[in-house]
Amino acid sequence: MADIETGLKGQVSRREVLKKGLVGAAGLTVLPTVLAACSSAASTPSATPTAAPTPTPGAATPTPAAGTPTPVALTGALHVGSNHSDPSEKKGMDAIDAAFQAATGLAVTLNTVDHNTFQDQINNYLNTTPDDVFTWFSGFRMRFFASKSLGTAIDDVWAGVKSNYTAGFTTAVTGDDGKVYGIPVDYYPWCVFYRKSVFSDKGYTVPSTWTDFIALCNKMKTDGLTPIAFADKDGWPAMGTFDILNLRINGYDFHVGLMTGKQKWTDPKVTAVFTQWKQLIPFYTAGFAGLTWQQACDTLVQKKSGMFLLGLFLTGEFDTADPSGAAKKDLDFFPFPFLGNQYDAEKSLDAPIDIWMMSAKSQNLQADLANAKAYLKFWAAGSTQVLMYKANNGFIPTASDADTTQYDVLTQKAVQIVSAAQKITQFLDRDTRPDFAGANGMQSFLLNFLSNPGQDLTKFQQSIQDFWDKLPAYTG
Amino acid sequence: MSAVAIPGQRVKANRRRLRLSRVGLHLFLSVLAFVFAWPMLYGVYLSLRPFSDIITNPAGPFSLPSTLTLDNYAYVIANSDMLRFFWNTAVITIPAVLLTLWISSMVAFAISKYSWKFNLIVLLIFTAGNLLPPQVIVIPLVKLYNAIPLFAPLSANGRLFDQFAGVILIHTTFQTGFCTFVLSNYMKTLPNELVEAAMIDGAGVFTIYSKVILPLCKPALAALAVLEFTWIYNDFFWALFLFVTGDKRPITAALNNLQGQYVTNMPQLAAISMLAAIPTIVIYLVLQRYFVRGLTLGAAKG
């Protein structure tokens, strides 16, 4: 129980993480320490402290893009495990690894495994022959594996790059034992997406209250649109709706309590969430239980549906579906409508942070340790993160020195919305224990509810609570 | 007269009934054939369409095409690194099939041509192995593989896990049971006099196996080779669990690589699926008589 409370504490204080992070990212502060961080990043790990022949560029000029690490020659090998399997993300990874090689002379060995398999295999992977460093998620998911000793603490790396992050980020990457296990590299918010042209053609206005929202849905329905695109084949997209409804109806503290087991699923407050949710289900895409979110997103591309609550990564599907970029230019979003209660002021939302971790059981880790640390430090630079952002606009950099002039309109808006939020959560499956969020747990409970919303909620909630109670004790 | 007319009418009626049932049968078979062919046909159709065409069309993937193009094939051939994955498949499938046939033919020979105490038990164990679903052993197997050391060049990381050798081994293990069962039944149909004659001529056990029995088993071995090739080629399960290195996967598991987290280009996925299916289709078309024979081999004892 103590462990869970430790986890909870971490989450509570995370409320400030992105808010502060974004103020920094918006270019309001250019930290001079960044340079120091980066030069130390490059010099500490090297076994051969010979400077590369190339002169250090701009070491004295504090430009926003000053994250360019000092070139230092690295020798040996580095094994990198990546779940960036989409074509655009692969390009981003290639660009970053090329930049890393240019800076250090070290060519990394990249092992790309498609995102869903990577996630399904993570236990296998970390317990057997993991790469030295790997892509993962902050929140409970990171703390879980850190507590199982499957991640290596990287406090020394963090100490070197900390100044490039706002203070709140530390909690997002701190494990239950108080040590740092990850380097945050990007995040994305969950909002309601829509097409500007559809709204202007039909005279719709962006709803800010629940009443407006429902009225708009009804109007869209009579106009022959699917009001809300929805898909839950993979189990997790529905969690986004649960999160935001719970945050709006019961507030951040209750939500976090529920995620960590301090609150009960049988609570009438949870009933209120599901009751509210029932109002939305008639507006969803038909057959959503068998659709992937991409398929639902395509209906938004085709202007067959009106709105879609999803993460900013949805823009990637727009890029693929309409390479001309016209559809994406027509894309806009707004925060989920407010319910007119005391929690409106929180303006809370899901904005998950992605991180890089160092594995513990990699066979090569001892040999590659210095290189691995150099690589993690390299990722902590805004200039590195912007390379990924340029390849796929769904990844908003977390580093304070990221060059915000590169951001497009949607990203700037996302930065604004997240900055305005008083409380930020990571997403249900990142905020609670994996065995609870997984396919046997919340994924199937939510699907069960969605396919049969009329069922006895008391019984339904009891079954969730029973599931939680039967889980083995979480030994952090 | 009437006595003649009645049978004639009856024949006519029979013929009509025959024709009706014929039509019904063919209708049924056509529908069934279509149902079976549908995934393949639809896959081909989907792979020929540009993604944007599907997205912009209100009927989605079921719409009529505005254009058909081979661009998806060109893209996946150029970008999916598929030659590497086909090579991985070959590295797994070919040794696994050869090993399976070699081992199972020896076991089958021993239990069908020699009489000793544990004949039946051994055959039972091998056959019972077929009934074990691979899913139940996957977690212990992963742990076991990770703990078993293996030397280079069979293993790049010093373990059995995440290595071709490990996947070949588990395929061989699982397929040997079925092959032993089939081959021993087949060998039982070969006259024992052949073995006895060879023994009288002074042939040793291994000579009898390699010079007498194996040549006679050629049809059975060919049929099994075709079956085993398709099964091992099509394996997704072991490849998914026993590899954590993306680049080592065979083509079946590597198809997932094209399915990203955020974007799945269905026509491209269809195109590479079609390409991945080609080897099995070719093998089947070329060797289909062995294939069909393989399915009934050992079903009846001579």
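Reading the values: rules and limits
- Residues numbered from 1 in each chain as written.
- Chains lettered and ligands numbered in written order.
- Predicted model: local features only at pLDDT ≥ 70, side-chain atom pairs only at ≥ 80, totals over all residues.
- Heavy atoms only, no water.
- Helix = DSSP H or I, 4+ residues; strand = E, 2+ residues; numbered from the N terminus.
- Buried < 20%, exposed > 50% of the residue type's maximum accessible area, 1.4 Å probe, protein only.
- Contact = heavy atoms within 4.5 Å.
- Areas by Shrake-Rupley, 256 points an atom, 1.4 Å probe, with all protein chains shown as cover.
- Salt bridge = Lys/Arg side-chain N within 4 Å of Asp/Glu carboxyl O.
- Polar contact = N/O pair within 3.5 Å; in protein donor to acceptor, adjacent residues only side chain to side chain.
- Nonpolar A, V, L, I, M, F, W, Y, C, P; charged D, E, K, R; others polar.
- pLDDT = per-residue confidence, 0-100.
- Core = buried A, V, L, I, M, F, W, Y, C linked by side-chain atoms within 4.5 Å.
- Phe/Tyr/Trp six-rings, centres within 6.5 Å; stacked < 30°, edge-to-face > 60°.
- Lys NZ or Arg CZ within 6 Å of the ring centre and 35° of its normal.
- Expected span 1.5 Å × (residues − 1).
- Arc of directions from axis to C-beta.
- Domains from an automatic or database assignment.
- Buried area = accessible area lost by both parts, 1.4 Å probe.
- Bend = angle between axes of the 7 residues up to and from the residue.
- Pairing = 2+ DSSP bridges.
- Axes fitted to C-alpha atoms, helices over the stretch in contact; angles between N-to-C directions.

### Digging into the overall build of chain B
The secondary structure content of chain B amounts to 14 helices and 0 strands. The linear arrangement of helices and strands in chain B, starting from the amino end, is α-α-α-α-α-α-α-α-α-α-α-α-α-α. Counting across all 302 residues of chain B, residues that qualify as buried make up 43%. Here the contacts in chain B between residues at least 6 apart in sequence split such that 70% fall between residues at least 24 apart. Counting only carbon and sulfur atoms, one obtains 72% of the accessible surface of chain B, whose full area is about 16,600 Å².

### Here's the deal with unusual backbone geometry
Of the consecutive residues B:Ala152 and B:Pro153, the connecting peptide bond is found in the cis state with omega at 5°. We note that A:Ser149 has phi near 60°; this positive angle belongs to a residue other than glycine. With respect to the element layout, A:Ser149 can be found in the loop between α6 (140–147) and α7 (155–161).

### Describing the interface of chain A and chain B
Quite often, the size of an interface is put as the accessible area lost when its parts meet. In this complex, chain A contributes 32 residues to the contact, which on the side of chain B involves 31 residues. Summed over the shared surface of chain A and chain B, the result is 1 salt bridge. We note a salt bridge from A:Asp114 to B:Arg249, for which the minimum N-O separation is 3.3 Å. The interface formed by chain A and chain B contains 8 residue pairs in polar contact (both at pLDDT 80 or more). Among the elements of the structure, α4 (87–104), β2 (109–112), α5 (115–127), α13 (293–301) and α14 (315–321) of chain A are those that each provide at least two residues to the side of chain A that touches chain B. Broken down by element, the residue count for the side of chain A that touches chain B peaks at 6 residues, all from α5(A). Grouping the amino acids of the side of chain A that touches chain B by side-chain chemistry returns 11 nonpolar, 15 polar and 6 charged.

### Points about the confidence of the model for chain A
All names here are of chain A. Mean pLDDT over chain A stands at 83; residues scoring 70 or higher make up 84%. The lowest-confidence element of chain A is helix α3 (residues 33–43), averaging 37 in pLDDT; the highest-confidence one is strand β6 (residues 226–229), averaging 96. Across residues 1–68 the pLDDT falls below 50, and counting only partners more than four positions away or on other chains, this stretch makes 116 contacts in the model.

### Let's talk about the nonpolar core
Membership of the largest hydrophobic core comes to 197 residues, with the highest contact counts inside it found for A:Ile183, A:Phe242, A:Phe274, A:Trp277, A:Met307, A:Leu314 and A:Tyr375. Tallying contributions element by element places helix α7 (residues 164–188) of chain B first for this core, with 10 residues. If near-sequence neighbours (up to four positions away) are discounted, A:Leu314 is found in contact with A:Phe193, A:Trp293, A:Cys297, A:Leu300, A:Phe308 and A:Leu331. If you look at the next biggest cluster of nonpolar residues, it comprises 5 residues, including B:Ala223, B:Val226, B:Leu227 and B:Tyr290.

### Comments concerning the packing of aromatic side chains
Residues and elements named next belong to chain A. This model, assessed by the stated rule, comprises 55 aromatic pairs over all chains. Relative to phenylalanine 378, the ring of phenylalanine 100 has its centre 5.2 Å away and its plane inclined at 70°; by these criteria the two rings are edge-to-face. Placement of phenylalanine 100 in helix α4 and of phenylalanine 378 in helix α16 (residues 365–379) is noted, with a sequence separation of 278 residues between them. On the accessibility criterion, phenylalanine 100 (1% relative accessible area) is buried. Grouping aromatic residues by their ring pairs yields a cluster made of Phe242, Trp265, Phe274, Trp277, Phe436, Phe445, Phe449, Phe460, Phe467 and Trp468. The cationic tip of arginine 141 hangs over the ring face of phenylalanine 137; the distance from NZ or CZ to the ring centre is 4.6 Å. The ring of phenylalanine 333 has lysine 413 lying over it, and the distance from NZ or CZ to the ring centre is 5.5 Å.

### Description of the confidence of the model for chain B
All names here are of chain B. Predicted confidence across chain B gives a mean pLDDT of 85, with 88% of residues reaching 70 or more. Taken as a whole, residues 1–5 scores under 50 in pLDDT and shows 0 contacts with residues more than four places along the chain or in a different chain. Scored as a whole, the predicted complex attains pTM 0.73, and scored at its interfaces, ipTM 0.75.

### Points about α4(A)
Residues and elements named next belong to chain A. Over its 18 residues, α4 extends 26 Å from the first C-alpha to the last, a length consistent with the 26 Å expected when each residue adds 1.5 Å. Considered for burial, the residues of α4 that qualify are Glu89, Gly92, Met93, Ile96, Asp97, Phe100, Ala103 and Thr104. For α4, the angular spread of the buried residues around the axis is 130°, confining them to a single face. Residues Lys91 and Ala102 are exposed on α4 and point more than 90 degrees away from its buried face.

### Thoughts on the side chain of B:Ser155
Residues and elements named next belong to chain B. Mapping serine 155 onto the fold places it in the loop between α6 (138–147) and α7. The class for serine 155 is buried, based on a relative accessible area of 4%. Here glycine 158 takes part through its backbone nitrogen, which lies 2.9 Å from a polar atom of the side chain of serine 155. At a separation of 2.6 Å, a polar atom in the side chain of serine 155 contacts the main-chain carbonyl oxygen of arginine 159.

### Description of the domain arrangement of chain B
Residue and element names in this part refer to chain B. For chain B, the assigned domains are domain 1 (2–71) and domain 2 (81–296). At the interface, 9 residues of domain 1 touch 9 residues of domain 2. The contact between domain 1 and domain 2 buries some 710 Å² in all, and 87% of this surface belongs to carbon and sulfur atoms. By the criterion of area lost to domain 2, the three top residues of domain 1 are Met40, Ser47 and Phe51, representing 62% of everything that side buries. Summed over the shared surface of domain 1 and domain 2, the result is 0 salt bridges. Every element with two or more residues in the side of domain 1 that touches domain 2 is listed here: α1 (2–47) and α2 (51–56). In terms of residue count, α1 provides more of the side of domain 1 that touches domain 2 than any other element does, 5 residues in total. For the side of domain 1 that touches domain 2, the class distribution of residues is 6 nonpolar, 2 polar and 1 charged.

### Describing helix α13 (residues 266–286) of chain B
Residue and element names in this part refer to chain B. A rise of 1.5 Å per residue sets the reference length of α13, with its 21 residues, at 30 Å; its end C-alpha atoms lie 30 Å apart and thus fit the reference within 8%. At isoleucine 278, α13 shows its largest bend, some 35°, and a proline, proline 279, comes one to four positions later. Along α13, the positions that sit buried rather than exposed are Pro267, Gln268, Leu269, Ala270, Ala271, Ile272, Met274, Leu275, Ala276, Ala277 and Thr280.

### So, the sheet that holds strand β7 (residues 305–311) of chain A
Residue and element names in this part refer to chain A. Reading across the sheet, the 4 strands line up as β6-β7-β5-β8 and stay open at both edges, with mixed pairing between neighbours. The open sheet has two edge strands with one neighbour each: β6 and β8 (331–334). Between one strand and the next, the sheet's axes are offset by a mean angle of 25°, whatever the strand orientation. Relative to β7, strand β5 (residues 190–195) is paired through 5 bridges, and the arrangement is antiparallel. Looking across to β7, one finds that valine 192 is bridged to leucine 309. Together, β5, β6, β7 and β8 form the strand contacts of α13, whose direction differs from that of β7 by roughly 140°.

### A closer look at the pattern of salt bridges
Residue and element names in this part refer to chain B. Counting across every chain of the model gives 11 salt bridges over all chains. With a closest N to O distance of 2.9 Å, aspartate 81 and arginine 84 form a salt bridge. Its salt-bridge partner being aspartate 247, residue arginine 84 comes within 3.9 Å of it at the nearest N-O pair. In this pair, arginine 84 is assigned in helix α4 (residues 82–113) and aspartate 247 in the loop between α11 (237–242) and α12 (251–254), connecting sequence segments 163 residues apart.

### Observations regarding the environment of A:Met259
Residue and element names in this part refer to chain A. Locating methionine 259 in the fold gives a position in helix α11 (residues 237–259). When the C-alpha positions of methionine 259 and arginine 430 are compared, they lie 9.5 Å apart, and in sequence the two are 171 residues distant. When near neighbours in sequence (up to four residues on either side) are disregarded, methionine 259 contacts Phe242, Trp265, Leu428, Asp431, Thr432 and Trp468.

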